[in-house]
Amino acid sequence: MSTAPAPAPERPLPVPTRESQPFWDGMREGRFMLQHCSSCGKVRHYPRPVCPHCFSMDSEFREAPTGGMIHTWTVCHHPFNFFFKQAAPYIVALVDMDAGVRVNAPLRGVAEADLRIGKRVKLAFEPINKEVTLPFFVSE
Amino acid sequence: MAHPLREKAAVSGIGETAYTRGTPKSGLALQLEASLAAIADAGLSPRDIDGVVPYFPGGGIAEDFIANLGLPDLKLSLFVPMGGATCVAAIQSAAMAVATGVCNHVLIAVGRTGYSGARVSTRLQQFPQFALAAEFEAPIGMFAPAQLYAQGARRHMELYGTTARQFAEVAVVTRRHAILNGNVVMNKPLTVEEHHASRMIADPFRLFDCSLESDGGAAIVISRADRARDLRKPLVTIMGVAEGHPESPASIAQRPDLLEFGLVKAAPRAYSMAGVGPTDMDLAEIYDCFTFTVIRQLEILGFCKTGEGGPFVMDGRIALGGDLPINTHGGLLSQGHVVGLNHAIELTRQLRGEAGKAQVKDAELGLVTGYGDMGDGSIAILRRAA
């Protein structure tokens, strides 16, 4: 009888890549750093080697504004990873950032009944350990 | 001029294992059991198979098929890693292989221990397509498809007024169809009230909006149409087939329009290749990882306009006897989850007139879709040959 091993109740954490390291370094410093093309200037997220607009491989990370508007959301009730059992139910908002990209992160301090497309929120920073800081949203 | 792929390939054989929750068999054993059934259904010997597209990742690879089936001369081994869009997209790859003469008979096979083996979140960590979700979304508590797709469903509800009642209709009709099929995991009736009372998984998806975690195998054989004509079963030809990839394919969050799946690109290509449109369909087998996914695909497929998918599924329209019967076998929601290869099998069965109590009368033309990863899409249009 094949049975699945029980999922380890560990918090899933980001493993930065060579491309995404500056984003996570920024998070740790409380700065929302986004990748911009050095050639055409367009922003892209998630970080990757080539600009899909002009194909330049030169890019730089710049600090970006943290405000945005809710694009949509979900409320997670079932903890697919045991780690999130305590937190459930929790709201995850997908936000159109003023910086021109989207960010998915937990939204705190807002009641489910008050959720609507276009609601203003801002990104905040939650240190998890010495290396990793994760984003979350609060009302602007 | 007709498209060079049109009617050049056929679904010559179909095979399934029992769909269960719990099995002592491995994914590979299930995959091979279904493969042997499909090959026998076609009236072929395993030795005739000269191309193989195993579902990946999970189950066997070409080497396993050669070793187990004694394939003397495998000419093509492919992976089509598109999650739930894989199986129908693989029909396109297989059709290309037989139409060009590279192969005569290509096997597409899935074996899955989704209940007794690794569950969805663990399974998806093997997928390179989920690397971005693993880095940026799993740490904030979003990783399972139910969570990732829920945001698109919520946006559709907010923009167009789509309701949980309409989601429930898809679940209830699909269950009614499943009960007519002898080989299903869920064989008891489901009511709208039971749907609404089921626990919330990721709002707006309740338990009965979600497809099953089940064990089972499924396989089909794609053959050169001229060879298939001489085989055991009535000829079912591939009129049109296509795959499509959305913008921002590995991150739904960054997609300009969350509701623009790969099917937006694939469906017009398949219709054009087949020379038919949505109003010509006698039935449709729609990939149903979630109830909402069916509603949105019906819009993309042109059965109704964007925003009208919710009302479209009401009033018996998608049930047997309605204008467009869908998922006449019970789908992923009620029959079993073999990544949608069961949808292609059911469409073939319907067009052969082998669908038993769920038979759509005089079914001649139908379509099957796949939907996977973060929104890859695929579609095949099949016809019973005269």
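Small disclaimer: the values here were computed from a predicted structure and weren't measured.

Caption draft 1: Geometry of the overall build of chain B. Helix and strand counts for chain B stand at 14 helices and 11 strands. In summary, chain B has a C-alpha radius of gyration of 19 Å against a globular reference of 21 Å for 386 residues, a match within 12%. Taken along the three principal axes of its C-alpha coordinates, chain B extends 55 × 45 × 40 Å. In chain B, which comprises 386 residues, the proportion classed as buried is 62%. A separation threshold of at least 6 residues defines the contact pool for chain B, and within that pool the share at least 24 residues apart is 77%.

Caption draft 2: Fine view of the overall build of chain A. Each helix and strand in chain A was counted, giving one helix and eight strands. Taken along the three principal axes of its C-alpha coordinates, chain A extends 55 × 45 × 30 Å. When burial is assessed residue by residue, chain A has 30% of its 140 residues classed as buried. Within chain A, contacts between residues separated by at least 24 positions form 50% of all contacts whose residues are at least 6 apart in sequence.

Caption draft 3: Representation of the interface of chain B and chain A within the structure. Listed as interface residues are 34 residues of chain B and, on the opposing side, 33 residues of chain A. Mapped by element, the contributors of at least two residues to the side of chain B that touches chain A are helix 4 (120-124), helix 5 (131-137), helix 6 (145-160) and strand 5 (200-203) of chain B. Here the element with the most residues in the side of chain B that touches chain A is helix 6 of chain B; it accounts for six residues. Taken together, the residues of the side of chain B that touches chain A sort by class into 16 nonpolar, 11 polar and seven charged. Relative to strand 5 of chain B, strand 4 (residues 67-76) of chain A runs antiparallel, the two sharing two bridges. Bridged to Cys76 of chain A within strand 5 of chain B is Ala202 of chain B.

Caption draft 4: Up close: the domain arrangement of chain A. Residue and element names in this part refer to chain A. Split by domain assignment, chain A resolves into domain 1 (18-64) and domain 2 (66-140). Relative placement of domain 1 and domain 2: their C-alpha centres are 21 Å apart. In this assembly, eight residues from domain 1 lie in contact with nine residues from domain 2.

Caption draft 5: Quick peek at the environment of Ile201 of chain B. Within the element layout of this structure, Ile201 of chain B appears in strand 5. Measuring from C-alpha to C-alpha, the distance between Ile201 of chain B and Ala319 of chain B comes to 26 Å, with 118 residues separating the pair along the chain. Excluding residues that lie within four positions of it along the chain, Ile201 of chain B makes contacts with His77 and His78 of chain A together with Ala146, Arg206, Leu207 and Cys210 of chain B.

Caption draft 6: Looking closely at the confidence of the model for chain B. Looking at chain B, pLDDT values average 96 and 100% of them are 70 or higher. The ipTM assigned to the predicted complex is 0.94, against a pTM of 0.96.

Caption draft 7: Here's a closer look at the sheet that holds strand 3 (residues 59-63) of chain A. All names here are of chain A. Reading across from one edge, 2-1-3 is the order of the three strands in this open sheet, with antiparallel pairing throughout. Of all the strands in the sheet, the pair left with one neighbour each is strand 2 (43-44) and strand 3. Judged from the two bridges that link them, strand 1 (residues 33-37) and strand 2 form a sheet pairing that is antiparallel. Counted as the bridge partner of Gln35 is Arg44 from strand 2.

Caption draft 8: View of unusual backbone geometry. Residues and elements named next belong to chain A. Here the residue pair Ala88 and Pro89 is connected by a cis peptide bond, since its omega of -5° sits within 30 degrees of zero. As for its position among the elements, Pro89 is in the loop between strand 4 and strand 5 (90-97). In the Ramachandran plot, Phe55 falls in the positive-phi region, its phi being about 70° despite a non-glycine side chain. Here Phe55 shows up in the loop between strand 2 and strand 3. Overall, the presence of 10 C-beta atoms within 10 Å leaves Phe55 in the exposed class.

Caption draft 9: Here's a closer look at the pairing of strand 7 (residues 215-224) of chain B. Residue and element names in this part refer to chain B. Judged by how many residues are buried, strand 7 sits mostly within the fold: 10 of 10 residues are covered. Judged from the nine bridges that link them, strand 4 (residues 105-113) and strand 7 form a sheet pairing that is antiparallel. In the sheet register, Arg112 faces strand 7, and the bridge partner there is Gly216.

Criteria and thresholds
Residues numbered from 1 in each chain as written. Chains lettered and ligands numbered in written order. Predicted model: local features only at pLDDT ≥ 70, side-chain atom pairs only at ≥ 80, totals over all residues. Helix = DSSP H or I, 4+ residues; strand = E, 2+ residues; numbered from the N terminus. Rg over C-alpha atoms; globule rule 2.2 N^0.38 Å. Buried ≥ 20, exposed ≤ 12 C-beta atoms within 10 Å, placed from the backbone. Contact = placed C-beta atoms within 7 Å. Nonpolar A, V, L, I, M, F, W, Y, C, P; charged D, E, K, R; others polar. Pairing = 2+ DSSP bridges. Domains from an automatic or database assignment. pLDDT = per-residue confidence, 0-100.

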